[in-house]
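What the coordinates show
Below are the chains, spelled out letter by letter.
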Amino acid sequence: MGTELDKEYYKKERKADWRDKLRKEIKSKDRTKGVRVHMPEADPNVRNRSNIEVNKGLTLEMAMSESSRCLDCAVPTCISGCPVGTNIPKFVKYIEKGDILGAAKVLKENNSLPAICGRVCPQEIQCEAQCVYVQKLSKEGSAIGYLERFAADYERESGNSSIPELAEFNGIKMAVIGSGPAGLTVAGELAKFGYDVTVFEALHDLGGVLKYGIPEFRLPKDIVDFEINTIKQMGVKFVTNFIVGKTATIDDLKEEGYKAFFIASGAGLPNFMNIPGENFNGIQSANEFLTRVNLMNGGDVDFDTPVHTGKNVVIVGGGNTAMDSVRTAKRMGAERAIIVYRRSQEEMPARTEEIKHAIEEGIEFMNLTSPIEYFADENGMVNKMRVQKMQLGEPDASGRRRPEVIEGSEHDIDVDSVVIAVGVSPNPIIQQSMPELETTKWNTIEVDDNMMTSVPGLFAGGDIVRGGATVILAMGDGRNAAKGMHNYIEKTILAEV
Amino acid sequence: MFKIIKKEFLSENVARLIIEAPYIAKSRKAGNFIILRIDKNGERIPLTIADANIENGTITVIAQRVGVTSHKLCDMNSGDTILDVVGPLGTATHIANVGTVLCAGGGVGVAPLFPIVQAMKLAGNKVITVIAARNKDLVILEDEMREYSDELIIMTDDGSLGEKGLVTLGMEKVIQREKVNEAVVIGPAVMMKFAALTTKKYDIPTVASLNTIMVDGTGMCGACRVSVGGKTEFVCVSGPEFDAHQVNFDEMLSRLNAYKDKEANGYSDYLKSLESVLN
């Protein structure tokens, strides 16, 4: 991330009088003596029985103290670790100064969803991993994620939420397909350029994976709604229950005057392992389990949607979705909520924090274990799974050590519910409706450097391009695509005027 | 919000609803379905689009009281609104002029069969339709089917209308009498299983439309998965129609009962709550 132009800009801003003054107030040597703040958390044995948010957020004192650890480096390497290029030192220094609303404004310059990113971004492998503390001083990085969340929450709770500055309204219609993180980001950025933006969402509720996927205890829905509301206040229109490619095609929307499109339909096609017995009742995808609970309020007596869970629940997989599923199963009353993962904890793709929280909450881990078959009772309801032990061999294409079967290690586990969280594939609906759209062998959509597909005026980003990735990478795509779409309009429509 | 323009009962527990949904009316094809959610606490249920009127911007769905949502839906009236309707979903029926098409529908499965009968007829096929129900009060869409069929055969379990016997009996009579090029079977899973076995005996290419459990209807959850030719398929995006001779109907029957206990409890609680309001 970051062009030469951006670097000049960051440098210039760092030289602002207030930043210079603030830097001199405490010697760098003294700043480095500080210890990284600990995020206050809800009691594991209370939170694993409820939906309360696990991370409680920093206090003002904690945030200001943590912000003073930041050295406001001449070369802010942290920014290079941020997929949306947030001006990290600037917002952190606003916090140190005590101007929290100012910090929130800085976040919104580059990021329409700071309260969300502050909660779900894997900062430990992005900005915080690039922090000088980690890179040069062998210390824990500046707690950038906690501070981001703090500033965004402070602004929201203050009732003085700001709306980013918008260019003059130009009336040019732009369509965004999908209201997940990529779609919301594009919508916000296009609104800033002055466009007339409409977001089309297939489900009845907005937010995509932020609503159906990530559980309340990690990302409260009210916060997602608040961030979406800010985008609405920027003039973006939202249409729910509208599947582009089904309800209307891209061509239909062109006839309605839309000039460019952004496809962010997500990785909504769950993978299964195709092993015997996988279609027995009580075995479901993580998408199904989480959607029934998060989107449909399954398990709440006031809602009509049923959800299957049990006393002995196994979740197959080791990513964030697996952690979300296993912790949800625990909260729904599972006595044993077990992760079955074919590699070791070290190779788990889930965030370190999620694994730590899961362990605290009493989740069992059966690592180096892989399912081979399921068995069911006379009603077709799963009651047993057969697994085998694995060991790690030589590294594979992903760089992780390849799991190999230990012969003769098969054994059975009693289960009454199984959730499969072994990844997702791109949603096929748009591709099916547009055969001219070039796709990869994984059925993701091909895009160029400007995020434009093989069809002029049609852009794409997020998981529909990447397969299964993260919220922040989807948002990074959104920012790049918005620039690409703006350039496209300038070269085509505006050039003709 | 989607407004109900008209509601009428086709039989005691089966209602036809005409709903304002102009985009869906325009885009839908035979074989497509919608997903609806009545209110904010409701579940999402799939229903086949039985008919549509582009000029009026309406679609027709037919619902049978089997659970909380379908019961609530049958109790709604013209002027009421449904919170969410999305579609048209699924892959449309492959319609071609193949010669003679045998269309067989059982129970409320006659509703999703109707648009296919209509499209097959308009494509120039000779259409022979067999519709079946337990008794004459449960026979639906008789006039509509007659209008688009070269021949309509009605089967009832008790012989109170048409011929006495199961749908397969009516189908077999036609097959033995004349050359059938293709068959379409829609109804309860058990009926489709036996209808498919009947046509398989005579090597007639047969399509079944599957009514599995769904949540989103866009491929996201996999609740609707079925085995077709030994391979797992998602009914919502690859279906709802599949080669009936390849579908594992026993597995589908079992999966349809996945939430049976929870839904039966929910339904009896709901019916009790209705009674307590009335009393």
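The coordinates are above.
Here we summarise the structure given alongside this text. Once a new chain begins, its residue numbering starts again from 1 and follows that chain's sequence as written. Whichever chain is written first is A, and whichever ligand is written first is 1; the rest continue in order. Totals for whole chains, interfaces and linings use all residues, but because this is a predicted model, local features are given only for residues with pLDDT of at least 70 and pairs of side-chain atoms are given and counted only at 80 or more. Side-chain metrics rest on all non-hydrogen atoms present in the structure, leaving aside hydrogens and water.

**Some details on the overall build of chain B**
Inclusion rule: Elements are defined by DSSP. Helices are runs of H or I of four residues or more, strands are runs of E of two residues or more, and each kind is numbered from the N terminus. Only C-alpha atoms enter the radius of gyration, while the globule expectation follows 2.2 Å times N to the 0.38, with N the number of residues. Three labels apply to residues, based on accessible area from a 1.4 Å probe with only protein chains included: buried if under 20% of the type maximum, exposed if over 50%, partly exposed otherwise in between. Throughout, the Shrake-Rupley method with a 1.4 Å probe supplies accessible areas, and for residues the shown protein chains are the sole cover considered. Two residue types count as positive, namely Lys and Arg, and two as negative, namely Asp and Glu; His and chain ends fall outside the count. For charged residues, the charge sits on one atom: NZ in Lys, CZ in Arg, CG in Asp, CD in Glu.
Summing up its helical and strand segments, chain B has nine helices and 16 strands in all. The C-alpha radius of gyration computed for chain B amounts to 18 Å, which stays within 12% of the reference 19 Å derived for 279 residues, consistent with globular compactness. Once the C-alpha set of chain B is aligned to its principal axes, its extents read approximately 55 × 40 × 40 Å. Evaluated residue by residue, chain B yields a buried proportion of 56% over its 279 residues. Counting only carbon and sulfur atoms, one obtains 51% of the accessible surface of chain B, whose full area is about 11600 Å². On chain B, the mean spot of the 30 positive side-chain charges and the mean spot of the 34 negative ones are 2 Å from each other.

**Regarding a nonpolar patch on the surface**
Just so we agree on the cut-off: What makes a patch is a set of residues exposed beyond 30% relative accessible area and free of salt bridges, joined within 9 Å when like-charged and within 5 Å when nonpolar (Val, Leu, Ile, Met, Phe, Trp, Tyr). Take a side-chain nitrogen of Lys or Arg and a carboxyl oxygen of Asp or Glu: if they are within 4 Å of each other, that pair is a salt bridge.
A cluster of nonpolar side chains, contributed by Val190(B), Phe194(B) and Leu197(B), occupies part of the molecular surface with about 270 Å² of accessible area. Following the sequence through the fold, Leu197(B) ends up in helix H6 (residues 189–201).

**Things to note about the packing of aromatic side chains**
Operational definition: Note on aromatic pairs: the rings of Phe, Tyr and Trp (six-membered ring only in Trp) are paired at centre separations within 6.5 Å, and the planes decide the class, stacked below 30 degrees, edge-to-face beyond 60, tilted for the rest. Counting as a charge over the ring demands two things of the Lys NZ or Arg CZ atom: a distance within 6 Å of the ring centre and an angle within 35 degrees of the ring normal.
Taken as a whole and assessed by the stated rule, the structure comprises 10 aromatic pairs over all chains. Plain terms: the ring middles of Phe200(A) and Tyr258(A) are 5.8 Å apart, the flat faces sit at 70 degrees to each other, and that makes the pair edge-to-face. Remark: Tyr258(A) occurs in strand E4 (residues 258–263) and Phe200(A) occurs in strand E2 (residues 196–200); sequence separation between them is 58 residues. Classification of Phe200(A) by relative accessible area gives buried; the value is 4%. With relative accessibility at 8%, the residue Tyr258(A) sits in the buried group. Three or more aromatic residues joined by ring pairs make a cluster, and in this case those are Phe200(A), Phe242(A), Tyr258(A), Phe261(A) and Tyr23(B). Above the plane of the ring of Phe375(A) lies Lys384(A), whose end atom (NZ or CZ) is 5.3 Å from the centre.

**Overview of the sheet that holds strand E5 (residues 58–64) of chain B**
All names here are of chain B. Rules: Any two strands with at least two DSSP-identified bridges between them are counted as paired.
Here seven strands make up an open sheet; going across it, the order is E6-E1-E2-E5-E4-E3-E7 and the pairing antiparallel. The open sheet terminates on both sides in strands that have one partner only, identified here as strand E6 (81–82) and strand E7 (84–89). Summarising the sheet, strand E2 (residues 14–20) and E5 pair through seven bridges and their orientation is antiparallel. By the bridge assignment, Ile 19 is partnered in E5 with Ile 59.

**A few points about the interface of chain A and chain B**
Let me state the cut-off plainly: Any two residues having at least one pair of non-hydrogen atoms within 4.5 Å are treated as being in contact. Buried area is calculated as the accessible area (1.4 Å probe) missing from two parts once they are joined, with the contributions of both summed. Side-chain atoms alone can form a polar contact between residues adjacent in sequence; in general such a contact is a pair of N or O atoms within 3.5 Å, and within protein one must be able to donate a hydrogen while the other accepts it.
In this assembly, 42 residues from chain A lie in contact with 44 residues from chain B. Taken over both partners, the interface formed by chain A and chain B buries close to 3400 Å², and the fraction arising from carbon and sulfur atoms is 51%. Its salt-bridge partner being Asp304(A), residue Lys72(B) comes within 3.1 Å of it at the nearest N-O pair. Taken together, the connections running from chain A to chain B amount to 24 residue pairs in polar contact (both at pLDDT 80 or more).

**Overview of the pairing of strand E1 (residues 2–11) of chain B**
In the sheet, E1(B) pairs with E6(B) via two bridges, with the strands oriented antiparallel. Within the sheet, the bridge partner assigned to Lys3(B) lies in E6(B) and is Thr81(B).

**Some words on the environment of Gly213(A)**
All names here are of chain A. Summarising the element assignment, Gly 213 is placed in the loop between helix H13 (209–212) and helix H14 (221–233). With relative accessibility at 8%, the residue Gly 213 sits in the buried group. Counting along the chain gives 52 residues from Gly 213 to Ser 265, while the straight-line C-alpha distance between them is 14 Å. Filtering out sequence-adjacent residues up to four positions away, Gly 213 remains in contact with Gly 208, Leu 290, Asn 294 and Asp 324.

**Considering a negative patch on the surface**
On the surface, Glu12(B), Asp137(B), Asp157(B) and Asp158(B) cluster together into a patch of negative charge. Within the secondary structure, Glu12(B) is located in the loop between E1 and E2.

**Considerations on the packing of helix H7 (residues 88–97) of chain A against helix H11 (residues 144–158) of chain A**
Residues and elements named next belong to chain A. Stated precisely, the cut-off is as follows: To obtain each axis, a line is fitted to C-alpha atoms, and for helices this fit is confined to the stretch in contact; angles are then taken between N-to-C directions over 0 to 180 degrees. Angles are sorted into four bins: roughly parallel if under 35 degrees, roughly antiparallel if over 145, roughly perpendicular if 65 to 115, and oblique for all others. In this scheme the handedness of a crossing depends on how the near helix is turned from the far one: anticlockwise by less than a right angle means left-handed, clockwise means right-handed.
Running from N to C, H7 and H11 point in directions that differ by 60 degrees, and their axes come no closer than 10 Å. Viewed along their axes, H7 and H11 adopt a mutual orientation that is oblique. Pair H7 / H11 crosses with left-handed handedness. Facing Ile 88, Phe 91, Val 92 and Ile 95 of H7, the residues of H11 in contact are Ile 144, Leu 147, Glu 148 and Ala 151.

**Comments concerning the packing of helix H16 (residues 286–295) of chain A against helix H17 (residues 320–331) of chain A**
All names here are of chain A. Under the convention used in this document: Amino acids are sorted into nonpolar (Ala, Val, Leu, Ile, Met, Phe, Trp, Tyr, Cys and Pro), charged (Asp, Glu, Lys and Arg) and polar (every other residue, Gly among them).
Contact geometry of H16 with H17 gives a least axis separation of 10 Å together with a crossing angle of 50 degrees. Between H16 and H17, the interaxial angle falls into the category oblique. You can see that H16 and H17 cross each other, and the crossing is left-handed. Here Ala 286, Phe 289, Leu 290 and Val 293 of H16 lie close against H17, whose contacting residues are Thr 321, Asp 324, Ser 325, Thr 328 and Ala 329. Of the residues belonging to the contact of H16 with H17, the class tally is five nonpolar, three polar and one charged.

**Here's the deal with the nonpolar core**
The cut-off we apply is this: Definition used in this section: a nonpolar core is a set of buried Ala, Val, Leu, Ile, Met, Phe, Trp, Tyr and Cys residues joined via side-chain atoms within 4.5 Å.
Counting residues in hydrophobic clusters, the biggest one holds 68 residues, and the most contacted among them are Ile88(A), Phe91(A), Leu190(A) and Phe262(A). Of all the elements, helix H21 (residues 471–491) of chain A adds the most residues to this core, at nine residues. When sequence neighbours within four positions are dropped, the list of residues in contact with Phe262(A) reads Ala175(A), Val176(A), Ile177(A), Ala182(A), Gly183(A), Val186(A), Phe459(A), Ala460(A), Gly461(A), Gly478(A), Ala481(A) and Met485(A). Counting residues in each nonpolar core, the second largest holds 58 residues, with Ile283(A), Val382(A), Ala132(B) and Phe234(B) among its members.

**Examining the sheet that holds strand E7 (residues 312–316) of chain A**
Residues and elements named next belong to chain A. On the basis of which strands lie adjacent, the open sheet formed by five strands has the order E6-E14-E7-E8-E9 and parallel pairing. This sheet does not close on itself; its edge strands, each paired only once, are strand E6 (283–285) and strand E9 (364–366). Ignoring strand direction, the axes of neighbouring strands in this sheet form an average angle of 25 degrees. With four bridges connecting them, E7 and strand E14 (residues 417–420) associate as parallel partners. Within the sheet, the bridge partner assigned to Val 316 lies in E14 and is Ile 420. Along the sheet, H16 makes contact with E6 and E14, crossing E6 at roughly 85 degrees.

**Thoughts on the environment of Gly57(A)**
Residue and element names in this part refer to chain A. Structurally, Gly 57 is set in the loop between helix H4 (44–47) and helix H5 (60–67). Between the C-alpha atoms of Gly 57 and Gly 399, which are 342 residues apart in sequence, the distance is 35 Å. Excluding residues that lie within four positions of it along the chain, Gly 57 makes contacts with Met 39, Pro 40 and Arg 149.

**Let's talk about unusual backbone geometry**
With an omega of -5 degrees, the peptide bond between Gly87(B) and Pro88(B) qualifies as cis. Relative to the helices and strands, Pro88(B) resides in strand E7. A positive phi angle is found at Asn274(A), which is not glycine, with a value near 55 degrees. Positionally, Asn274(A) belongs in the loop between strand E5 (269–270) and E6. Residue class for Asn274(A) comes out exposed when judged on its relative accessible area of 60%.

**Examining the pattern of salt bridges**
Residue and element names in this part refer to chain A. Enumeration over the complete set of coordinates arrives at 56 salt bridges over all chains. Lys 90 serves as the salt-bridge partner of Glu 13, at 2.8 Å between the closest nitrogen and oxygen. Of this pair, Glu 13 sits in helix H1 (residues 4–14) while Lys 90 sits in helix H7; the two residues are 77 residues apart in sequence, bridging distant segments of the chain. On the basis of relative accessible area, Glu 13 is assigned to the buried category, the value being 16%. Since its relative accessible area comes to 9%, Lys 90 is described here as buried.

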